[in-house]
Amino acid sequence: MEQSIIKQTSIFGKYMQFFSEKLPSIAVAAATLIIGVLLAKFVKKVLTKVLFKYKSSIGIISFLIHFIQAVIIILACMQALGGLGINTNSLLAIIGAAGFSIGFAFKEILSNLGSSMIILFFKPFEIGDYIKCVDVEGTVGEIQLFSTTLKTVDNKLIVVPNFQLTSNSVINYTAQNMRRIDFVFNVEYDTDIKVLYEIVNRVFDSEKRVLKTPEPLVGVDSMNNNIIKFIAKPWVKTDDYWKVYYELMERFKNEFDSNSIRFSRVNIVGSIN
């Protein structure tokens, strides 16, 4: 009995000695962890104020803020463990290997996540913009962590991976406050050019939404033995583009019919620049 008490006292004494020796390290580790948590909260607060002005990408911003906060806390924990004499190299190696495996398995997801960050900071488009990428186009409805939603003119919803939007050319039709409407008229070779000029100028002058500056581009683009290619390219405000486009098409049709203008092969072509 006496030997058991002596043994327990000896073990307790060793623990107390170990604790007293490690007490400064434990205090430093605890302080490091507390500072890390407080720093993470401070960084989160600052990033929230700075980044939440990008209201079009709330999901991306929220993820980014929490991710940075988690990284700071993890680094603080690693530093605290190192201060206690724990070898963190092996732990880092395990985390690195796991991260590599996860990254390889979810490379497409991570690519889309990285692309969302590019969209967030470089802002090639925003919610409400009308864009085209490869063979899809529509109005940007929402920019999410891994994809962007587009709404087509006939009210269909298209989900486009963000990686596709950063790895291909994107045409943003509404980024500028003006757009040009391109009309191309393929008329027969014997058509009176003066009449075409009169018709186009009359139609443009009667439409108040056609801008005076820059001036519309009107003239003969090309000709051969059978066709004269006549162009008329007015500038309008971006918001007026489609309304003006369709109304001018109708006016041109009526004017050409009234003046017996005959088209060769392709009647009227309207394209977008």
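In what follows, the structure referred to is the one given above.
If you're wondering where the values come from, they're calculated on a predicted model, not measured in any experiment.

Attention now goes to the overall build of the chain. Summing up its helical and strand segments, the chain has 7 helices and 10 strands in all. Relative to its 273 residues, the chain shows a buried fraction of 30%. At a minimum sequence separation of 6, the contacts of the chain that also span at least 24 residues come to 67%. When the accessible surface of the chain is split by element, carbon and sulfur atoms take 61% of a total near 17,700 Å².

Moving on, we get to the pattern of salt bridges. Scanning all chains against the criterion turns up 13 salt bridges. Between Glu126 and Lys123 there is a salt bridge, with the nearest N and O atoms lying 3.6 Å from each other. Of the residues examined, Glu126 reaches a relative accessible area of 36% and is grouped as partly exposed. Among the ionic pairs, Arg202 bridges to Glu255, the shortest N-O distance being 2.8 Å. Of this pair, Arg202 sits in helix α6 (residues 193-206) while Glu255 sits in helix α7 (residues 241-258), and the two are 53 residues apart along the sequence. Overall, the relative accessible area of 38% leaves Arg202 in the partly exposed class. For Glu255, a relative accessible area of 22% puts it in the partly exposed group. Salt bridges sharing common partners tie together Glu207, Arg209, Glu247 and Arg251.

We now examine α6. For α6, which comprises 14 residues, the first-to-last C-alpha distance of 20 Å matches the rise-based estimate of 20 Å (1.5 Å per residue) to within 8%. On the buried face of α6, the contacting elements are β6 (178-188), β7 (217-223), β8 (227-233) and α7. Where α6 starts, the residue carrying a side-chain oxygen 3.1 Å from the main-chain nitrogen of Lys194 turns out to be Asp192.

What follows covers the pairing of β7. Bridge analysis of β7 against β8 gives 6 bridges, and the strand direction is antiparallel. Pairing of Met223 across the sheet is with Ile228, part of β8.

In this structure, the second largest pocket encloses a volume near 160 Å³. Lining the second largest pocket are Gly128, Tyr130, Thr139, Val153, Thr174, Arg179, Thr238 and Trp242. In terms of residue class, the lining of the second largest pocket is built from 3 nonpolar, 4 polar and 1 charged.

Right, let's get into the packing of aromatic side chains. As enumerated under the stated definition, the model contains 15 aromatic pairs in all. Judged by centre distance (5.7 Å) and plane angle (75°), the rings of Trp242 and Tyr245 are edge-to-face. Residue Trp242 and its partner Tyr245 are located together in helix α7, separated by 3 residues, close to a single helical turn. Trp242 sits in the partly exposed class, given a relative accessible area of 37%. Since its relative accessible area comes to 10%, Tyr245 is described here as buried. Centre to centre, the rings of Tyr245 and Tyr246 are 5.2 Å apart; their planes meet at 80°, and the pair counts as edge-to-face. The class of Tyr246 is exposed, set by a relative accessible area of 53%. Among the aromatic residues, those joined into a cluster by ring pairs are Phe183, Phe185, Phe204, Tyr241, Trp242, Tyr245, Tyr246, Phe252, Phe256 and Phe263. Its end group placed over the ring of Tyr241, Arg179 keeps NZ or CZ at 3.8 Å from the ring centre.

With that settled, consider the sheet that holds strand β3 (residues 147-151). Judged by pairing direction, the sheet is antiparallel, and its 5 strands sit side by side in the order β4-β3-β2-β1-β5 without closing on themselves. Every other strand in the sheet has two partners, leaving β4 (157-161) and β5 (170-172) as the edge strands with one partner each. Strand-to-strand twist across the sheet, computed as the mean angle between neighbouring axes with direction ignored, equals 40°.

Scoring rules and cut-offs
- Residues numbered from 1 in each chain as written.
- Predicted model: local features only at pLDDT ≥ 70, side-chain atom pairs only at ≥ 80, totals over all residues.
- Heavy atoms only, no water.
- Helix = DSSP H or I, 4+ residues; strand = E, 2+ residues; numbered from the N terminus.
- Buried < 20%, exposed > 50% of the residue type's maximum accessible area, 1.4 Å probe, protein only.
- Contact = heavy atoms within 4.5 Å.
- Areas by Shrake-Rupley, 256 points an atom, 1.4 Å probe, with all protein chains shown as cover.
- Salt bridge = Lys/Arg side-chain N within 4 Å of Asp/Glu carboxyl O.
- Expected span 1.5 Å × (residues − 1).
- Polar contact = N/O pair within 3.5 Å; in protein donor to acceptor, adjacent residues only side chain to side chain.
- Pairing = 2+ DSSP bridges.
- 1 Å grid on protein atoms, 1.4 Å probe; cavity = no way out; pocket = protein on both sides within 12 Å on 5 of 7 lines; lining within 4 Å.
- Points joined across faces, edges and corners; volume = space filled by probe spheres on them.
- Nonpolar A, V, L, I, M, F, W, Y, C, P; charged D, E, K, R; others polar.
- Phe/Tyr/Trp six-rings, centres within 6.5 Å; stacked < 30°, edge-to-face > 60°.
- Lys NZ or Arg CZ within 6 Å of the ring centre and 35° of its normal.
- Axes fitted to C-alpha atoms, helices over the stretch in contact; angles between N-to-C directions.

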